[in-house]
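Here are the chains, one letter per residue:
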Amino acid sequence: MFELPAVFEGVMTTGATAANVLGAMTARQYAGSLQGIDVAKAGCKDLDCTVFSATPHASMVKALGLAGFGQDTWVKVACQSGTEAMDTQELASKLSECTSRGKVVIASAATVTGTDFDDLLTVAQLCREHQAWLHVDGAFGIFERLVKGAAGKTQGIELADSITLDCHKWLNVPYDCGVFLTRHPQTLFETCNVDAPYLANDDQARPFMSLGIENSRRFRALPVWATLLAYGKQGIKAQIQRNIAQASALANWIAASSEYELLKPCSLNVVLFSASASNKYDTQSLLAQLNEAGQVFMTPGIWQGSAAIRCAFSNWRTEQADVELAILELARLAEGA
Ligand SMILES: Cc1ncc(COP(=O)(O)O)c(C=O)c1O
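Residues numbered from 1 in each chain as written. Predicted model: local features only at pLDDT ≥ 70, side-chain atom pairs only at ≥ 80, totals over all residues. Heavy atoms only, no water.

**Let's talk about the overall build of the protein chain**
Condition: Helix and strand definitions follow DSSP, with helices as H or I runs of at least four residues and strands as E runs of at least two, each counted in order from the N terminus. Burial classes: relative accessible area under 20% of the type maximum marks a residue as buried, over 50% as exposed, and values in between as partly exposed (1.4 Å probe, protein chains only). By definition in these notes, contact holds between two residues if any of their heavy atoms fall within 4.5 Å. The accessible surface values rely on the Shrake-Rupley method and a 1.4 Å probe; as for residues, cover is taken only from the protein chains in view. Under the convention used here, Asp and Glu are negative, Lys and Arg are positive, and both His and the chain ends fall outside the count. To locate a charge, take atom NZ for lysine, CZ for arginine, CG for aspartate or CD for glutamate.
The number of helices and strands found in the protein chain is ten helices and eleven strands. Dimensions of the protein chain, computed from C-alpha atoms along their principal axes, come out at roughly 65 × 50 × 35 Å. A total of 337 residues make up the protein chain; the buried ones form 50% of that total. For the protein chain, the share of sequence-separated contacts (at least 6 apart) that also reach a separation of at least 24 residues comes to 65%. Of the roughly 15200 Å² of accessible surface on the protein chain, 53% is carried by carbon and sulfur atoms. Charge-centre separation for the protein chain: the mean point of 26 positive side chains lies 3 Å from the mean point of 34 negative side chains.

Here it is as structure tokens:
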């Protein structure tokens, strides 16, 4: 579906958070292996490792905490001006200056507020140069690859060491369905290896139970398989294109309205906006009233330090009529009704 090299293997997870946890833990194992430490066995007290990221998702920060890196110890790489995407020149100098023997770079494809993609090709090249593990959180952004192909904004993701994606986002299967992919299945195995005489392991080199957090798990692949079978790649692509067109229609209306301000051009499925100076309400109270009315549901965001509203389109049941409803609601609030 995503035209990734067959070298990638992986497991289904409860969601993108769990996949990010696997990303952090597998990266840690790899960093250990460069220092002669089997972290899964010896722990990380002697591990020398620095993590770099520009705009990691909150769940990625949580994952860094769970993996023992700490939620507050990663090195912040600056963003390109006016975006949440990593400044790769700054990454290059930070990697060059770094004296840690282990390095991990966490990249985003895409960020939840600005839907900004890190330049994965450049980031991957830098990671190879500096022997850094590259984990890409592509929870929903990887689906852009279905629309734009391998040369779109996800270009370079195929060079990552590990990838997070979420089937309960743009694949629209029920919750509890993430995916962790890695080109180092042996490192994943070493990270998660479990063995006991009573556990029924088959004779595979890497038993399934040793490729994830859970030993026992339900059949998460089933709804994914059913969805792929029912809609096919083209059907899923068409649904994603519909959501992108819906976001673009709302963004156009907002851009033309004097009561609202489009905070950045809509390039994927999230419309980011705020109340304009002429609006009688501020952004936060507008959002509260909008959601209170119960017709549409939008979420808060912070954009370049100020309050913003995110209107995210990702559901297969959303139609043009819903966009019109959102416009009606916004127009009603702008009139003070
Ligand atoms: C980029 C990104 N990463 C991770 C997550 C966490 O996903 P989950 O809720 O499936 O754990 C999300 C969810 O919004 C996301 O958008």
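**Concerning the nonpolar core**
Put simply, the test is: In these notes, a set of buried Ala, Val, Leu, Ile, Met, Phe, Trp, Tyr and Cys residues joined through side-chain atoms within 4.5 Å is what counts as a nonpolar core.
Residues Leu-91, Val-105, Leu-134, Val-136, Phe-143 and Cys-167 are the most contacted members of the largest nonpolar core, which totals 41 residues. Only helix H4 (88-97), strand S4 (102-108), helix H5 (120-129), strand S5 (132-137), strand S6 (162-166), strand S7 (178-182) and helix H8 (221-256) provide two or more residues apiece to this core. Residue contributions to this core peak at five residues, all from H5. With residues near it in sequence (within four places) discarded, Cys-167 still touches Asn-172, Val-173, Cys-177, Gly-178, Val-179 and Val-224.

**Observations concerning the packing of helix H9 (residues 283-293) against helix H10 (residues 320-334)**
Keep this limit in mind: Only the stretch in contact is used when fitting a helix axis, every axis being a line fitted to C-alpha atoms; angles between N-to-C directions are given from 0 to 180 degrees. To sort the angles, those under 35 degrees are grouped as roughly parallel, those over 145 as roughly antiparallel, those from 65 to 115 as roughly perpendicular, and the leftovers as oblique. For any pair of crossing helices, the crossing counts as left-handed if the nearer helix is rotated counterclockwise from the farther one by less than a right angle, and right-handed if it is rotated clockwise. Each residue receives one of three labels: charged for Asp, Glu, Lys and Arg, nonpolar for Ala, Val, Leu, Ile, Met, Phe, Trp, Tyr, Cys and Pro, and polar for the others, Gly being one of them.
In the contact formed by H9 and H10, the axes pass within 11 Å of each other and the chain directions differ by 125°. Taken as axis vectors, H9 and H10 run oblique relative to one another. Every pair of crossing elements has a handedness; the one defined by H9 and H10 is right-handed. Seen from H9, the contacting residues are Leu-286, Gln-289, Leu-290 and Ala-293; seen from H10, they are Glu-329, Leu-330, Arg-332 and Leu-333. Residue composition of the contact of H9 with H10, by class: five nonpolar, one polar and two charged.

**Remarks on the packing of aromatic side chains**
For clarity, the threshold we go by: Geometry of aromatic contacts follows a simple scheme: Phe, Tyr and Trp rings, the Trp one being its six-membered ring, pair when their centres are within 6.5 Å, and the pair is stacked under 30 degrees between planes, edge-to-face over 60, tilted otherwise.
Under the counting rule described, the total for this entry stands at four aromatic pairs. When the ring of Tyr-30 is compared with that of Trp-133, the centres are 5.2 Å apart and the planes differ by 55°; the resulting orientation is tilted. One end of the pair, Tyr-30, is in helix H1 (residues 16-34); the other, Trp-133, is in strand S5, with 103 residues separating them in the sequence. With respect to burial, Tyr-30 and Trp-133 carry one shared label: buried. One aromatic cluster is present, built from ring pairs that chain together Trp-253, Tyr-260 and Phe-273.

**A look at the domain arrangement of the protein chain**
Where we set the bar: The start and end points of each domain follow an automatic or database-based domain assignment. Two parts placed together each lose some accessible area under a 1.4 Å probe, and adding up what both lose gives the buried area.
When cut into domains, the protein chain gives domain 1 (9-218) and domain 2 (232-334). For domain 1 versus domain 2, the separation of C-alpha centres amounts to 30 Å. Summed over both partners, the interface of domain 1 with domain 2 buries about 1700 Å², with 62% contributed by carbon and sulfur atoms. The largest share of the area that domain 1 buries against domain 2 comes from Thr-113, Leu-146 and Trp-170, three residues that together contribute 40% of it.

**Side note on the sheet that holds S6**
Condition: Only when DSSP finds a minimum of two bridges between them are two strands counted as paired.
Here we have seven strands laid out as an open sheet, ordered S1-S7-S6-S5-S4-S2-S3, and mixed in their pairing. Because the sheet does not close on itself, it has two edges, and the strands there are strand S1 (9-13) and strand S3 (75-76). As paired elements, strand S2 (residues 49-53) and S4 share five bridges and run parallel to each other. Opposite Thr-50, over in S4, you have Lys-103 as the bridge partner.

**So, helix H3 (residues 58-66)**
Owing to its 3.6 residues per turn, the α-helix brings residues three or four apart onto one side. Where H3 is concerned, the buried positions are Ser-59, Met-60, Val-61, Ala-63 and Leu-64. Immediately downstream of H3, the backbone of Gly-68 shows phi near 90°, a positive value.

**So, a nonpolar patch on the surface**
Selection criterion: A patch consists of residues whose relative accessible area exceeds 30% and which take part in no salt bridge; residues with like charges are grouped when within 9 Å of each other, and nonpolar side chains (Val, Leu, Ile, Met, Phe, Trp, Tyr) when within 5 Å. Any carboxyl oxygen of Asp or Glu within 4 Å of a side-chain nitrogen of Lys or Arg constitutes a salt bridge here.
Residues Phe-219, Leu-222, Trp-225 and Leu-229 make up a contiguous nonpolar surface patch of roughly 490 Å² in combined accessible area. Among the secondary structure elements, Trp-225 is positioned in helix H8. Given a relative accessible area of 53%, Trp-225 falls into the exposed group.

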